[in-house]
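Each chain is listed here by its residues.
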Amino acid sequence: MSIRDKKITIIGSGNVGFHLGKRLFEMGFSIYQVFSRNLDKATRLATAIDAHPINQLNQITDQSDIYIIAVKDVGIGRVAHVLSESVGNQKIVVHTSGATSSELISKYFDNYGVFYPLQTFSIEQEVDFEQIPFCIDAKSPEVKETLLELANYLSPKVYRISDRERQILHVAAVFVNNFTNHLYSVGEDILEKEKINFDILKPLIFETARKIENQRAEDMQTGPAKRGDTDTISQHMEYLDKHPEYQKLYKTLTESISKHKAK
Ligand SMILES: NC(=O)c1ccc[n+]([C@@H]2O[C@H](COP(=O)([O-])OP(=O)(O)OC[C@H]3O[C@@H](n4cnc5c(N)ncnc54)[C@H](OP(=O)(O)O)[C@@H]3O)[C@@H](O)[C@H]2O)c1
């Protein structure tokens, strides 16, 4: 059976399930069922991709060939357990997590794998799949081949990544995405409180990301901590007296940049 003829079930209609389901459908794949504990959410996605919405795990049938578990990490083990009772242990079953070990599903399925799209997904924000690195792993070479083929329909950036490598990538991803985004929101909050337009900072944010396209991030570091400009640092710390949480962050990051510089 060619990969295009394989039916897919999407378990989870949150950020990842929503975008993955829609993109697979757009690429011509047949999505059989969509699960969410909330039937409205399952229906919203299922209607868009011509699938059957369900809100009970035991309603998942064995008619699909590939089952994509895209639920919160804390739910993956239980979903895998219930799924194995409905579909047996021979189906291809993957999760989409960066942090969760494949061991959580390997105890239930012979043909388990990981299908991790290394990008930030929010339902309301369109994503460009061509730019998404897919990190693929599976124990069986046949399953790995199938997952690589599937991922290649979605993106040219497909990598074979072991459990350990994926979990390390996830640590680094938290630094470069979750933490930087949090820092954007700190800047946003400071400016909003002072009634200054955050848009003025946006070219700086985009240029910072653009610069590291061809350069090492460490080499592109600028600012008072990098320059060892203690007067400016003291002035900033004084301003931040009114934001003790942000002051703590500023101090920690300043120390980290200074130590990095000293290496
Ligand atoms: N968002 C990202 O940027 C991103 C990127 C790459 C990988 N991932 C990974 O992809 C997976 C899904 O992430 P997400 O951001 O799509 O999550 P999400 O939007 O927060 O939730 C996804 C789904 O998980 C379901 N769910 C939550 N707790 C559950 C439980 N205990 N049992 C069964 N279902 C449960 C939710 O069900 P209801 O609809 O019933 O509430 C929802 O449909 C995670 O493993 C995450 O690490 C996320």
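Residues numbered from 1 in each chain as written. Predicted model: local features only at pLDDT ≥ 70, side-chain atom pairs only at ≥ 80, totals over all residues. Heavy atoms only, no water.

Asks: What's the story with the packing of helix H1 (residues 15–26) against helix H2 (residues 39–48) in this structure? I'm lost.
Replies: Helix packing for two helices is described by the angle between their axes and how far apart those axes are. As a packed pair, H1 and H2 sit with axes 9 Å apart at the nearest point and diverge in direction by 20 degrees. As summarised for this structure, H1 and H2 are arranged roughly parallel, according to the angle between their axes. In this structure, H1 meets H2 at a crossing whose hand is right-handed. Listed contacts from H2 to Gly 17, Phe 18, Lys 22 and Phe 25 of H1 are Arg 44, Leu 45 and Ala 48. In the contact of H1 with H2, the residues fall into 4 nonpolar, 1 polar and 2 charged. (Axes fitted to C-alpha atoms, helices over the stretch in contact; angles between N-to-C directions. Helix = DSSP H or I, 4+ residues; strand = E, 2+ residues; numbered from the N terminus. Parallel < 35°, antiparallel > 145°, perpendicular 65-115°, else oblique. Left-handed = near helix turned anticlockwise from the far one by under 90°. Contact = heavy atoms within 4.5 Å. Nonpolar A, V, L, I, M, F, W, Y, C, P; charged D, E, K, R; others polar.)

Asks: Explain the pairing of strand S5 (residues 92–95) here, please?
Replies: Consecutive side chains along a regular strand alternate between the two faces of the sheet. Of the two faces of S5, the one carrying Ile 92 and Val 94 and the one carrying Val 93 and His 95 are both buried. Relative to S5, strand S4 (residues 66–69) runs parallel, the two sharing 4 bridges. Looking at S5, one finds that Tyr 67 is bridged to Val 93. Taken together, S4, helix H3 (residues 73–87) and S5 form a β-α-β motif whose crossover is right-handed. Sheet topology note: the S5/strand S6 (residues 112–117) ladder contains 3 bridges and is parallel. When the sheet's bridge partners are listed, Val 93 is paired in S6 with Tyr 112. (Buried < 20%, exposed > 50% of the residue type's maximum accessible area, 1.4 Å probe, protein only. Pairing = 2+ DSSP bridges. Right-handed = clockwise from strand over helix to strand, strands pointing away.)

Asks: How do you make sense of the environment of Val 71 when you look at a structure like this?
Replies: Structurally, Val 71 can be placed in the loop between S4 and H3. Taking the C-alpha atoms as reference points, Val 71 and Ile 205, separated by 134 residues in sequence, lie 31 Å from one another. Contacts of Val 71, omitting those with residues within four sequence positions, involve Ile 11, Gly 12, Ile 76 and Val 79.

Asks: What is the right way to look at the side chain of Ser 140 in this model?
Replies: For Ser 140, the position within the fold is in the loop between strand S7 (134–138) and helix H5 (141–154). Judged by relative accessible area, which is 14%, Ser 140 ranks as buried. Of note is the side chain of Ser 140, whose polar atom sits 3.2 Å from the side chain of Glu 142. (Polar contact = N/O pair within 3.5 Å; in protein donor to acceptor, adjacent residues only side chain to side chain.)

Asks: How should a positive patch on the surface be read in this particular structure?
Replies: A cluster of like positive charges, contributed by Arg 37, Lys 41, Arg 44 and Lys 72, occupies part of the molecular surface. Structurally, Arg 37 is set in the loop between strand S2 (30–35) and H2. (Patch = residues over 30% accessible without salt bridge, like charges linked within 9 Å, V, L, I, M, F, W, Y side chains within 5 Å. Areas by Shrake-Rupley, 256 points an atom, 1.4 Å probe, with all protein chains shown as cover. Salt bridge = Lys/Arg side-chain N within 4 Å of Asp/Glu carboxyl O. Lys, Arg positive; Asp, Glu negative; His and termini not counted. Charge placed at Lys NZ, Arg CZ, Asp CG, Glu CD.)

Asks: Help me understand the site of the ligand in this model?
Replies: Within the structure, the ligand sits among 22 residues, and Val 16, Ser 36, Arg 37, Asp 73 and Phe 121 are positioned closest to it. Residue Gly 14 places a main-chain N or O atom 3.4 Å away from an oxygen atom belonging to the ligand. Ser 36 is positioned such that a nitrogen or oxygen atom in its side chain is 2.6 Å from an oxygen atom of the ligand. Of all the elements in the fold, those that place two or more residues in the shell around the ligand are H1, H3 and S6. Broken down by element, the shell around the ligand gets its largest block of residues, 3 residues, from H3. Its residues assigned to classes, the shell around the ligand shows 7 nonpolar, 11 polar and 4 charged. (Near = heavy atom within 4 Å.)

Spatial relationships are all this shows, so hold off on functional conclusions.
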